[in-house]
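What follows is each chain in one-letter form.
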Amino acid sequence: MHVVICGGGVIGAACAYALSQRGVEVTLIERWRIADCASGKSGGFLARYWCDGSPLAPLAHRSFELHKTWAEEMGNPYGYRPVATYGAVINGSAPGPEGQPADWLSPSATGRDQLGDTSTTAALDPAAFTQALMKAAEARGAVLRIAAVTGIQNGEDGKPHVVLEEGEMISADAIILALGPWSLLAAGWLPLPAIYGLKGHSIIYQPSNALPAEAIFAELQDDLGELHTPEIVSRADGTVYVCGRPGTGALPVDPSHVLPEEGGCAQLHGIAVRLVPKLESAKIVAEQACFRPVTADGMPLVGAIEGHPGVYVATGHSVWGMLNAPGTAEALAETLIDGASRHVDLIPFAPARLTPLNPHEIDLQAG
């Protein structure tokens, strides 16, 4: 069996890894670079139970378990580690309770509630994780192609074909579209629901002293009365990731053109140092922006595309792409090889549950 995966983010790389584990021939096609979009710029935060109460719960539980297993299999070259997780509120000058966890926060932080412990929350370096998955897949024979996908067609051999920008067609027994928000382009070739790209900014710091293995989800009101919800993740390599400032720019056709907006990271930096004063003197390693893929009902699209035998989609995971990549990849590998997913029911994520997008409604920024 030959499977062609379109997209080199964490979902595509995870699919390459899961399929290569089962001895499947894999070709992964990525337009730019592995993990250089949302998969390389996310927080890398993982939670076992935070999707409970939604159809995502079984996928999240299975994925959380697989993260530990995969880290052991690959020798953990991406800083996977359990973390304690807390909530905090910054509400002016009121001092927080002394002796509480996460005492590296501002003294004005209150409401430091524990949201997860080291058995239920974890973190990793998302870019290193995604790249490690692809390298492990390549070690088993997977092939990485750098090219732009421009269509899907049925070939004379009765198999689906991926069409590349220069006109080359690649035959496959199955195709997995894992293009993140750029799956919107594929809605011009296939009956896919709308995929929206939500932009966000983030900063990576390198403080002089490493912070504890903790993650913080905070609420902070600025001087203008605007409420912000920054997230902070301390990583195994000593860096600290901060996000929480949205963007308004349009999704460009070329992923290399995704850039921070003017003032976006400066505002986020102001929020970060108010929450964690130690970050004011820390080295800034990266100021960045990305688009995370979301659907109309907030659930991912994972499964076969009706009317197109052998063509599957896996996208729309929103903020839980890093968490749910392993379970998604395992389920698709089982579907393709065994005929059905054994660990996670993919029916809630079937693309046909949503109305396909009218191709004339597709609107991406030309740049």
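The notes below deal with the structure included here. Remember, it's a predicted structure, so these values are computed and weren't measured experimentally.

1. As for the overall build of the protein
Along its length, the protein carries seven helices and 20 strands. The C-alpha radius of gyration of the protein comes to 21 Å, within 12% of the 21 Å expected for a compact globule of 367 residues. A burial count over the protein gives 56% of its 367 residues as buried. Taking the contacts inside the protein whose residues are at least 6 apart along the sequence as the reference set, 71% of them involve residues at least 24 apart. Accessible area for the protein stands at about 15,100 Å²; split by element, carbon and sulfur atoms hold 50% of it.

2. Brief notes about the packing of aromatic side chains
Counted under the stated rule, the structure contains six aromatic pairs. Ring geometry for Tyr-17 versus Trp-70: centroids 4.8 Å apart, planes at 70 degrees, classification edge-to-face. In this pair, Tyr-17 sits in helix H1 (residues 10-21) while Trp-70 sits in helix H3 (residues 57-74), placing the two residues 53 residues apart along the sequence. As far as the burial class goes, Tyr-17 and Trp-70 line up, both buried. Geometrically, the ring pair formed by Phe-45 and Trp-50 is tilted, given 5.0 Å between the ring centres and 55 degrees between the ring planes. Residue class for Phe-45 comes out buried when judged on its relative accessible area of 9%. Through a chain of ring-to-ring contacts, three or more aromatic side chains come together here, namely Phe-45, Trp-50, Phe-217 and Trp-320.

3. Some words on the sheet that holds strand E12 (residues 174-177)
Within a sheet, each strand pairs with its neighbour through backbone hydrogen bonds, oriented either parallel or antiparallel. Spatial ordering of the open sheet is given by E8-E2-E1-E12-E20-E19, a layout of six strands whose pairing is mixed. Every other strand in the sheet has two partners, leaving strand E8 (143-146) and strand E19 (301-304) as the edge strands with one partner each. Neighbour-to-neighbour, the strand axes of the sheet open up by a mean angle of 20 degrees, direction not taken into account. Alignment of strand E1 (residues 2-6) against strand E2 (residues 25-30), held across five bridges, turns out to be parallel. The residue bridging Val-4 from the neighbouring strand is Thr-27, located in E2. In the packing of H1 onto the sheet, contacts are made with E1, E2, E12 and strand E20 (311-315), and the angle to E2 comes to roughly 170 degrees. In this fold helix H7 (residues 321-338) packs onto E1, E12, E19 and E20, with an angle of close to 170 degrees to the strand it touches most, E20.

4. Let's talk about helix H6 (residues 264-275)
The α-helix advances 3.6 residues per turn, and as a result positions three or four apart in sequence lie on the same side. End to end, H6 covers 17 Å across 12 residues, agreeing with the expected 16 Å (1.5 Å per residue, within 8%). Taken together, the buried positions of H6 are Gly-264, Cys-265, Leu-268, Ile-271, Ala-272, Val-273 and Leu-275.

5. Considering the packing of H3 against helix H4 (residues 126-139)
Two elements in contact, H3 and H4, have axes whose closest approach is 12 Å; the angle formed by their N-to-C orientations is 60 degrees. With respect to each other, H3 and H4 are oriented oblique. You can see that H3 and H4 cross each other, and the crossing is left-handed. Together, His-67, Trp-70 and Met-74 of H3 and Phe-129, Ala-132, Leu-133 and Ala-136 of H4 make up the contact between the two elements. When the residues that make up the contact of H3 with H4 are grouped by side-chain class, the tally is six nonpolar, one polar and no charged.

6. Quick word on the nonpolar core
Ranked by internal contacts, the top residues of the largest apolar core, which has 66 residues, are Trp-70 and Ile-176. No other element matches H1, which puts nine residues into this core. Sequence-distant contacts of Trp-70, that is, excluding residues within four places in its chain, are made with Ala-14, Tyr-17, Gln-21, Tyr-78, Phe-129, Leu-133, Pro-326 and Ala-329. Listed in part, the 31 residues of the second largest apolar core include Ile-29, Ile-175, Leu-179 and Leu-357.

7. A word on the sheet that holds strand E9 (residues 149-154)
Strand order in this open sheet of three strands is E9-E10-E11, and the pairing throughout is antiparallel. Pairing within the sheet leaves two strands with one partner each, and these edge strands are E9 and strand E11 (169-171). Taken over all neighbouring pairs, the strand axes of this sheet differ in orientation by 25 degrees on average, direction set aside. Two strands pair when backbone bridges link them, and E9 and strand E10 (residues 160-164) are joined in this way by five bridges, in the antiparallel orientation. Following the sheet pairing, Asn-154 is matched in E10 by Pro-160.

8. Looking at the packing of H1 against H3
The N-to-C vectors of H1 and H3 enclose an angle of 70 degrees; their axes lie 13 Å apart at closest approach. Between H1 and H3, the angle falls in the class roughly perpendicular. The two elements H1 and H3 meet at a crossing, and its hand is left-handed. Residue-level inspection shows Ala-14, Tyr-17 and Gln-21 of H1 in contact with H3, the latter providing Trp-70, Glu-73 and Met-74.

9. Section: the pairing of strand E13 (residues 196-206)
Relative to strand E18 (residues 283-294), E13 runs antiparallel, the two sharing 11 bridges. When the sheet's bridge partners are listed, Ile-204 is paired in E18 with Ala-286. Judged from the six bridges that link them, E13 and strand E17 (residues 240-246) form a sheet pairing that is antiparallel. By the bridge assignment for E17, His-201 is matched with Arg-245.

Basis of the calculations
- Residues numbered from 1 in each chain as written.
- Predicted model: local features only at pLDDT ≥ 70, side-chain atom pairs only at ≥ 80, totals over all residues.
- Heavy atoms only, no water.
- Helix = DSSP H or I, 4+ residues; strand = E, 2+ residues; numbered from the N terminus.
- Rg over C-alpha atoms; globule rule 2.2 N^0.38 Å.
- Buried < 20%, exposed > 50% of the residue type's maximum accessible area, 1.4 Å probe, protein only.
- Contact = heavy atoms within 4.5 Å.
- Areas by Shrake-Rupley, 256 points an atom, 1.4 Å probe, with all protein chains shown as cover.
- Phe/Tyr/Trp six-rings, centres within 6.5 Å; stacked < 30°, edge-to-face > 60°.
- Pairing = 2+ DSSP bridges.
- Axes fitted to C-alpha atoms, helices over the stretch in contact; angles between N-to-C directions.
- Expected span 1.5 Å × (residues − 1).
- Parallel < 35°, antiparallel > 145°, perpendicular 65-115°, else oblique.
- Left-handed = near helix turned anticlockwise from the far one by under 90°.
- Nonpolar A, V, L, I, M, F, W, Y, C, P; charged D, E, K, R; others polar.
- Core = buried A, V, L, I, M, F, W, Y, C linked by side-chain atoms within 4.5 Å.

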